[in-house]
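Notes for the structure review
So you can see what is in the structure, the chains are spelled out below.
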Amino acid sequence: QVQLVESGGGLVQAGGSLRLSCAASGRTFSSCAMGWFRQVPGKERQFVAAISWTGGTTVYAESVKGRFTISRDNAKNTVSLQMNALKPEDTAVYYCAARSGSVVLTNRGAYDYWGQGTQVTVSS
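Residues numbered from 1 in each chain as written. Predicted model: local features only at pLDDT ≥ 70, side-chain atom pairs only at ≥ 80, totals over all residues. Heavy atoms only, no water.

Describing the nonpolar core
To be explicit about the condition: Nonpolar cores are built from buried Ala, Val, Leu, Ile, Met, Phe, Trp, Tyr and Cys residues. Side-chain atoms within 4.5 Å join them into one set. Any residue under 20% of the maximum accessible area for its type is buried, any over 50% is exposed, and the rest in between are partly exposed; the area is computed with a 1.4 Å probe on protein chains only. Secondary structure elements are defined from DSSP: runs of H or I of at least 4 residues count as helices, runs of E of at least 2 residues count as strands, and each element is numbered from the N terminus. Any two residues whose heavy atoms approach within 4.5 Å are treated as being in contact.
Of all hydrophobic cores here, the largest spans 37 residues; its most connected members are Leu 4, Met 34, Trp 36, Leu 81, Met 83 and Tyr 94. Among the secondary structure elements, those contributing two or more residues to this core are strand 3 (18-25), strand 4 (32-39), strand 5 (46-51), strand 7 (68-73), strand 8 (78-83), strand 9 (92-100) and strand 11 (118-123). Leave out the neighbours within four places in its chain, and Leu 81 touches Leu 18, Arg 19, Leu 20, Trp 36, Val 48, Ala 49, Phe 68, Thr 69, Ile 70 and Tyr 94.

Some words on the sheet that holds strand 8
Keep this limit in mind: Only strands joined by at least two bridges in the DSSP assignment are considered to pair. Lines are fitted to the C-alpha atoms to define the axes, a helix being fitted only along its stretch in contact, and any angle between axes, read from their N-to-C directions, falls within 0 to 180 degrees.
Spatially, 1-3-8-7 is the arrangement adopted by the four strands of the open sheet, whose pairing is antiparallel. Bordering the open sheet on either side are strand 1 (3-7) and strand 7, each of which pairs with just one other strand. In this sheet, neighbouring strand axes are inclined to one another by 15 degrees on average, regardless of whether the strands run parallel or antiparallel. Sheet analysis places strand 7 next to strand 8, joined by six bridges and oriented antiparallel. What sits directly across from Ile 70, in strand 8, is Leu 81.

Brief notes about the pairing of strand 4
In terms of burial, strand 4 is largely enclosed, as seven of its eight residues are buried. Inspection of the sheet shows strand 4 paired to strand 5 by five bridges, in the antiparallel sense. Along strand 5, the bridge assignment pairs Phe 37 with Phe 47. Hairpin connection, strand 4 to strand 5: the antiparallel pair is bridged by six residues, and Gly 42 has positive phi, about 85 degrees.

Below you can see the structure in the form of structure tokens.
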């Protein structure tokens, strides 16, 4: 069992930066692949980025590649998403997710645990 709590969301101007953090509790965090997803009202939750349990493999959605960086600290049970060069279309609720297993996957159905989400709003 893994519990996830996101933080770091807020309002930022286009071109600015935000860093989201996800604090995990549970004994199995270090063996979980982790992901970030985002959702806007009326649309499906979309994949943003994912990282393997070792941190050695990362995958990004094309829309954020080169602007966002996912990282994790297994000693602190945290995963982060550094978001730079933000655009208004990045506005969404961002969710942290964990899946049991080391394989990095991009489909939301593969993730077993979810946080409550944090709002990111980018103004133009």
